[in-house]
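Structural overview
Chain by chain, the residues run as shown.
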Amino acid sequence: MTDSVTISFAGTATRSEMAHHDELAGIGDRLRAIRESRGLTLRAVSEASGISISTLSRLESGSRRAQLDLLLPLARLYRLPLDDLVGAPALGDPRIHPRPRLRDGIVTVPLSGGTGSWEAFKQVHPPAPEKPIRQWVHPGWDWIYVISGRMRLLLAEDDLIIEAGEAAEFDTRVPHGFGNPGPDVLEVLCLFNPQGARVHTRASA
């Protein structure tokens, strides 16, 4: 029984060591490829970086851990960011790739990733002076900025016209709805918080 347990643990350790060696070897292969792409010998890199030839050789073979104090001089020598030097995985594209939606002639473009407390989107409304405006009631807080055109906003009993460059914000538990009275296309930027948090703006003196 003792022998079988010993063999089991030995096998596990061996797999871990092999995975670690593969990771180091991957960095080593990359360091060797970068050096060779520059047309440099180990001796030339050693003289320029201050790292011994034996250490460089072990780095490239994967038998030496790629520590920061060794990688920084190489990154400076090869004029590469540290992430590019070791082939660190990309963190992903931070840009949002919105997909416009068309409904009842209104184009809605989402501008947020959908993971925060605020939802942001742009809407484009064609002129519709005769179209009835339906009012809605739901929890949250809305902030609407008119980019171009004119917006007709029904807020409870109030009937308001919001011009380009103006904004309106309101509690969405109040009956509300808006449309485009014309004559031009209406473009608006909307921010909505379902928890009812208001927009906080800060201006410099």
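All figures in this text were calculated on a predicted structure; none of them were measured in a lab.

So, on to the overall build of the chain. When you go through the chain residue by residue, the secondary structure sums to five helices and nine strands. In the chain, the succession of α and β elements from N to C terminus is α-α-α-α-α-β-β-β-β-β-β-β-β-β. For the chain, with 205 residues in total, the buried portion stands at 28%. Long-range contacts, defined as pairs at least 24 residues apart, comprise 59% of the intrachain contacts of the chain with a sequence gap of at least 6. Taken as a whole, the chain presents about 13700 Å² of accessible surface, with 55% of it coming from carbon and sulfur.

Another aspect to go through is the confidence of the model for the chain. With 77% of its residues at a pLDDT of at least 70, the chain reaches an overall mean of 80. Scored below 50 in pLDDT, residues 1-24 makes five contacts in the model with residues more than four places away or belonging to other chains.

For the coordinates displayed, the defined rule picks out eight salt bridges. Of the charged contacts, one joins Asp171 and Arg173 as a salt bridge, the two residues approaching to 2.7 Å between their closest N and O atoms. When its relative accessible area of 17% is taken as the criterion, Asp171 is described as buried. By relative accessible area, which is 58% here, Arg173 ends up exposed.

Its boundaries defined by the atoms lining it, the largest pocket holds a volume of some 1200 Å³. Along its surface, the largest pocket is lined by 34 residues, and Ile106, Gln123, His125, Trp136 and Phe178 are the ones closest to its centre. Ranked by residue count, the leading element in the lining of the largest pocket is strand S3 (residues 119-125), at five residues. Of the residues contributing to the lining of the largest pocket, the split by class is 17 nonpolar, nine polar and eight charged.

Looking at the secondary structure, you find Ala75 in helix H4 (residues 68-78). Its relative accessible area of 8% is what places Ala75 among the buried residues. Spatially, the C-alpha atoms of Ala75 and Leu85 are 6.3 Å apart, while their sequence positions differ by 10 residues. What Ala75 contacts, discounting residues up to four positions off in sequence, is Leu80, Leu82 and Leu85.

Calculation criteria
Residues numbered from 1 in each chain as written. Predicted model: local features only at pLDDT ≥ 70, side-chain atom pairs only at ≥ 80, totals over all residues. Heavy atoms only, no water. Helix = DSSP H or I, 4+ residues; strand = E, 2+ residues; numbered from the N terminus. Buried < 20%, exposed > 50% of the residue type's maximum accessible area, 1.4 Å probe, protein only. Contact = heavy atoms within 4.5 Å. Areas by Shrake-Rupley, 256 points an atom, 1.4 Å probe, with all protein chains shown as cover. pLDDT = per-residue confidence, 0-100. Salt bridge = Lys/Arg side-chain N within 4 Å of Asp/Glu carboxyl O. 1 Å grid on protein atoms, 1.4 Å probe; cavity = no way out; pocket = protein on both sides within 12 Å on 5 of 7 lines; lining within 4 Å. Points joined across faces, edges and corners; volume = space filled by probe spheres on them. Nonpolar A, V, L, I, M, F, W, Y, C, P; charged D, E, K, R; others polar.

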